[in-house]
Amino acid sequence: MNSFDILKIVLVLIGAPILGCLIAGIDRKLTARLQGRVGPPLLQPYYDVVKLFKKDNMIVHPAQNFYVVIYVVFVILSLLMLVFGMDMLMIIFVYTISSVALIVGGMSTGSPYARVGSSREIMAILSYEPILILYALAIYLLTGTFKLSALSTLSSPLLAYIPLIFISMLFVMNIKFKKSPFDYSTSHHAHQELVKGMLTEYSGPGLGGIEIGHFYEYVFLLGLMFMFWSSNIIIGLLLAVIAFLFVIIMDNITARVYWQWMLKVSWSILLIISIANILIVYYFYFKPA
Amino acid sequence: MTLAKSPWIIHVNVNSCNGCDIEVVACLTPLYDAERFGVLNIGTPKQADIMVVTGSVNYKNVNVLKNLYNQVPDPKVVLAVGACASTGGIFHDCYNVIGGVDQVIPVDAYVPGCCPRPEAILDGVVAALSILENKKKGNVKGKEVKMKGNEVPSNA
Ligand code: SF4
């Protein structure tokens, strides 16, 4: 590890939450505009987090905030692994641990709403995880290794080989951003039926920590979209922006659905087009070593 | 300063006729857009800063109100919206009504009217913001309100 790598780590640790905070702010502002409202200031998510850290720490049991720490640490870890172009399969595993930490945290509090939210989040993981794995598999078939850094050896960008997986990944973004129509595990808008879902029993600093974790997570997720055209930074960023706008517009034009519906969509349409894409890659581009 | 920039609200309906509730919800609509002050209508008391109470308290829901109040982490502000929540209003001499919200939990600001206009409620929320800041500065903690049974007190 040289000094350039350390600089990169510091940049990610400091830059990612700032970027994520802006992403969340733009999200709220855009949503408000789409609904014909003025909307909160751009830095509203930042104000929220600072406020949450000023509130009293009200917890159900001492281990509860420890799960938040696990969540944040593993999200940061997966983001760092993405930035360093490490093993895609490993990134997915590390990222899953972070999601599971929130689920276990929600389950451990014993609130019925947190339990409903957590079990719905498990369903969400069940529906997007296969697509992520196929994404990693496509990278393996194309480059002969799971390492993201090997993407630069490809003659054309990843999007040219796996456009169908790109479409599926757009929906994965929707699920992972916890936006409508898939916002049933925890969301600001579902409080009549779900209170706050998985995060019902978190308050003050614990919730603030989760928000910071979300900021890192947003950057990580958009980074996954960036990888589809990582050879050209401008177009890669454009893809990330497109994915982000897609998520927000979907959020505003759709209503929350049953989790069964999401499972059907992702395990039929999304999974089938992803597998079709894998088959195409296998027959036309795969060179056995 | 940031405390006043992101007030999250929990809306508690104790025996309200729903007139006030509709006006509270109207604050969130595009016309009044409470979110430009950072206001979010949050579902759980554990994440709220301002407790907006509508309606007069009765013996059936007094413990629910106390329970919710105890679950809001400090610093917290209680805003009584409507004549009922402030004094008991039109229901003040009903056999089952205890009275205004301040009979049960400490109230920091009142919004009069039956029902109050959304502008008045927003004014109330904005007034509550400075109280919230002062409570944080002075480190004022809300006392835990003890819960009793549902029994009717002898003076009722
Ligand atoms: S103040 Fe008026 S509108 Fe509000 S709950 Fe009481 S009676 Fe209904």
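The structure contained in this document is the topic of the report that follows. (Residues numbered from 1 in each chain as written. Chains lettered and ligands numbered in written order. Predicted model: local features only at pLDDT ≥ 70, side-chain atom pairs only at ≥ 80, totals over all residues. Heavy atoms only, no water.)

Quick word on the sheet that holds strand 7 (residues 109–111) of chain B
All names here are of chain B.
Then comes step 1: Read across the open sheet, the 5 strands follow the order 2-1-3-5-7; overall the sheet is parallel. This sheet does not close on itself; its edge strands, each paired only once, are strand 2 (40–41) and strand 7.
Then comes step 2: Along the sheet, helix 3 (residues 62–71) makes contact with strand 1 (8–13), strand 3 (50–54) and strand 5 (77–81), crossing strand 3 at roughly 165 degrees. (Pairing = 2+ DSSP bridges. Helix = DSSP H or I, 4+ residues; strand = E, 2+ residues; numbered from the N terminus. Contact = heavy atoms within 4.5 Å. Axes fitted to C-alpha atoms, helices over the stretch in contact; angles between N-to-C directions.)

Points about the side chain of B:Q47
Then comes step 1: Inspection of the secondary structure assignment puts B:Q47 in the loop between strand 2 and strand 3.
Then comes step 2: On the basis of relative accessible area, B:Q47 is assigned to the buried category, the value being 1%.
Then comes step 3: At 2.9 Å, the side chain of B:Q47 and the backbone oxygen of A:Y202 are in polar contact. (Buried < 20%, exposed > 50% of the residue type's maximum accessible area, 1.4 Å probe, protein only. Polar contact = N/O pair within 3.5 Å; in protein donor to acceptor, adjacent residues only side chain to side chain.)

A few points about the site of the ligand
Then comes step 1: Close to the ligand lie B:S16, B:C17, B:G19, B:C20, B:G82, B:A83, B:C84, B:I90, B:G113, B:C114 and B:C115, which account for all nearby residues.
Then comes step 2: Those elements that place two or more of their residues in the shell around the ligand are helix 2 (19–26) and helix 4 (83–87) of chain B. (Near = heavy atom within 4 Å.)

Here's the deal with the side chain of B:E23
Then comes step 1: Along the polypeptide, B:E23 turns up in helix 2.
Then comes step 2: No salt bridge forms around the buried B:E23; measuring N to O, its nearest opposite-charge neighbour B:R117 is 7.3 Å away. (Lys, Arg positive; Asp, Glu negative; His and termini not counted. Salt bridge = Lys/Arg side-chain N within 4 Å of Asp/Glu carboxyl O.)

Structural notes on empty space enclosed by the protein
Then comes step 1: Under the definition given, this model contains 3 cavities of 30 Å³ or more.
Then comes step 2: Each pocket or cavity is described by its volume, and for the largest cavity that value is around 100 Å³.
Then comes step 3: Considering the residues around the largest cavity, the lining is formed by B:I9, B:H11, B:V24, B:C27, B:L28, B:A34, B:V39, B:N41, B:V52, B:I121, B:L122 and B:V125.
Then comes step 4: Taken together, the elements giving at least two residues each to the lining of the largest cavity come down to strand 1 and helix 5 (118–138) of chain B.
Then comes step 5: When residues in the lining of the largest cavity are grouped by element, the largest group, 3 residues, is from helix 5 of chain B.
Then comes step 6: Broken down by class, the residue content of the lining of the largest cavity amounts to 10 nonpolar, 2 polar and no charged.
Then comes step 7: Forming the boundary of the second largest cavity are A:D56, B:D74, B:P75, B:K135, B:K136, B:N139, B:V140 and B:K141. (1 Å grid on protein atoms, 1.4 Å probe; cavity = no way out; pocket = protein on both sides within 12 Å on 5 of 7 lines; lining within 4 Å. Points joined across faces, edges and corners; volume = space filled by probe spheres on them. Nonpolar A, V, L, I, M, F, W, Y, C, P; charged D, E, K, R; others polar.)

Quick look at the interface of chain B and chain A
Then comes step 1: The interface of chain B with chain A comprises 30 residues on the first partner and 30 residues on the second.
Then comes step 2: Here chain B is connected to chain A by 6 salt bridges.
Then comes step 3: A salt bridge links A:E201 to B:K46; its shortest N-O distance comes to 2.6 Å.
Then comes step 4: Run the count over chain B and chain A and you get 20 residue pairs in polar contact (both at pLDDT 80 or more).
Then comes step 5: Elements with a contribution of two residues or more to the side of chain B that touches chain A: helix 1 (2–5), strand 2 and helix 3 of chain B.
Then comes step 6: Element by element, the count of residues in the side of chain B that touches chain A is highest for helix 1 of chain B, at 3 residues.
Then comes step 7: Considered class by class, the residues forming the side of chain B that touches chain A number 11 nonpolar, 10 polar and 9 charged.

Considering the nonpolar core
Burial of nonpolar side chains together is a common tendency in soluble globular proteins.
Then comes step 1: In terms of nonpolar packing, the biggest core is built from 105 residues, with A:Y135, A:M169, A:L224, A:F228, B:M51 and B:L65 touching the most fellow members.
Then comes step 2: In contact with B:M51, other than residues within four places in its own chain, are B:I10, B:V12, B:L65, B:L68, B:Y69, B:V72, B:V77, B:V78, B:L79 and B:I105.
Then comes step 3: Listed in part, the 21 residues of the second largest apolar core include B:V24, B:I50, B:A109 and B:L122. (Core = buried A, V, L, I, M, F, W, Y, C linked by side-chain atoms within 4.5 Å.)

Points about the pattern of salt bridges
Then comes step 1: Per the counting criterion, the structure on display carries 14 salt bridges over all chains.
Then comes step 2: Residue A:K178 is joined to A:E121 by a salt bridge in which the shortest nitrogen-to-oxygen separation is 3.8 Å. Of the two residues, A:K178 is situated in the loop between helix 7 (163–176) and helix 8 (191–194) and A:E121 in helix 5 (residues 112–143); the sequence distance between them amounts to 57 residues.
Then comes step 3: Take A:K178: its relative accessible area is 13%, and that puts it in the buried class.
Then comes step 4: Exposure remark for A:E121: the relative accessible area of 4% places this residue in the buried category.
Then comes step 5: Three or more residues are tied together by salt bridges with common partners; here these are A:R28, A:R37, A:D48, B:D33 and B:E35.

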